[in-house]
Amino acid sequence: RRGEIAVGPYRPVPGGVDRSLMRLILALHDIGKPSAARGKGVRFQHEYNRRIVTEYMGKWGYSEREISIAASLVGSDPIGGSLKEGGRAPGAEERFAQEVRDGAKEAGIPVADYFELLKVYYMSDAGAYTLTGAGGDGFLDHLFVFKPSEKRMEFSPRTAADVERLRRLVLASN
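Note that the structure is predicted; figures quoted are calculated from it, not measured. (Residues numbered from 1 in each chain as written. Predicted model: local features only at pLDDT ≥ 70, side-chain atom pairs only at ≥ 80, totals over all residues. Heavy atoms only, no water.)

What follows deals with the overall build of the chain. What the chain contains, in helices and strands, is 10 helices and two strands. Across the 174 residues of the chain, 45% fall into the buried class. Across the chain, the fraction of contacts at a sequence separation of at least 24, relative to all contacts at a separation of at least 6, is 52%. When the accessible surface of the chain is summed, it comes to about 9100 Å², and 54% of that surface belongs to carbon and sulfur atoms. (Helix = DSSP H or I, 4+ residues; strand = E, 2+ residues; numbered from the N terminus. Buried < 20%, exposed > 50% of the residue type's maximum accessible area, 1.4 Å probe, protein only. Contact = heavy atoms within 4.5 Å. Areas by Shrake-Rupley, 256 points an atom, 1.4 Å probe, with all protein chains shown as cover.)

Listed below in structure tokens is the structure:
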């Protein structure tokens, strides 16, 4: 349901990604978090996510392209990282922009399309931590504007501006 609100029930998923593949990716996106917590720590969850998703999607018969798309999405969080760290740490914005470019290359999707795919992925994930989106505790409510009658969500004005700044940086260096 989260993905349907972020993508919209009738719009295509960005990057030409199949809707059922996107649902699977969203279902598996935190699969490595418990292992990371028991191992190196939760901050390494993306590394664990990538390894587990790659292994199991291969066993389940997904194509290399599908596995690459999934691994690129679950293997990092450049939008979330940028919104958390943004301009506060030296070089952080460029580092996150490079993560987007690297993810696009890994997924085999043009950078602009991949950025749009990342936005859907991020909104679907972070929307779960809102009171409106999925009954979470509300600590990320400030990031979004929900439009239940339209079955849509979008970034709040401030978040949209921050995400747009990252998009411009990503595309300017591409």
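So, about the pattern of salt bridges. Per the counting criterion, the structure on display carries 14 salt bridges. The salt bridge partner of glutamate 94 is arginine 101, with a shortest N-O separation of 3.1 Å. Classification of arginine 101 as buried rests on a relative accessible area of 9%. Residues joined by salt bridges that share partners form a network here, namely Lys147, Glu150, Arg152 and Glu154. (Salt bridge = Lys/Arg side-chain N within 4 Å of Asp/Glu carboxyl O.)

Turning our eyes to something else, we now look at a nonpolar patch on the surface. Together, Tyr56, Trp60 and Tyr62 give the surface a local cluster of nonpolar side chains, amounting to about 310 Å² of exposed area. For tryptophan 60, a relative accessible area of 48% corresponds to the partly exposed category. (Patch = residues over 30% accessible without salt bridge, like charges linked within 9 Å, V, L, I, M, F, W, Y side chains within 5 Å.)

Looking now at the packing of aromatic side chains. The geometry of an aromatic ring pair is captured by two quantities: the separation of the ring centres and the angle between the planes. Going through the model one piece at a time under the given rule, you end up with four aromatic pairs. For the pair phenylalanine 144 and phenylalanine 146, a centre-to-centre distance of 5.9 Å together with 55 degrees between the ring planes defines the contact as tilted. We note that phenylalanine 144, like phenylalanine 146, is buried. Relative to phenylalanine 155, the ring of phenylalanine 144 has its centre 5.8 Å away and its plane inclined at 20 degrees; by these criteria the two rings are stacked. Of this pair, phenylalanine 144 sits in strand 1 (residues 144-147) while phenylalanine 155 sits in strand 2 (residues 152-155), and the two are 11 residues apart along the sequence. Take phenylalanine 144 and phenylalanine 155: they sit in the same class, and that class is buried. (Phe/Tyr/Trp six-rings, centres within 6.5 Å; stacked < 30°, edge-to-face > 60°.)

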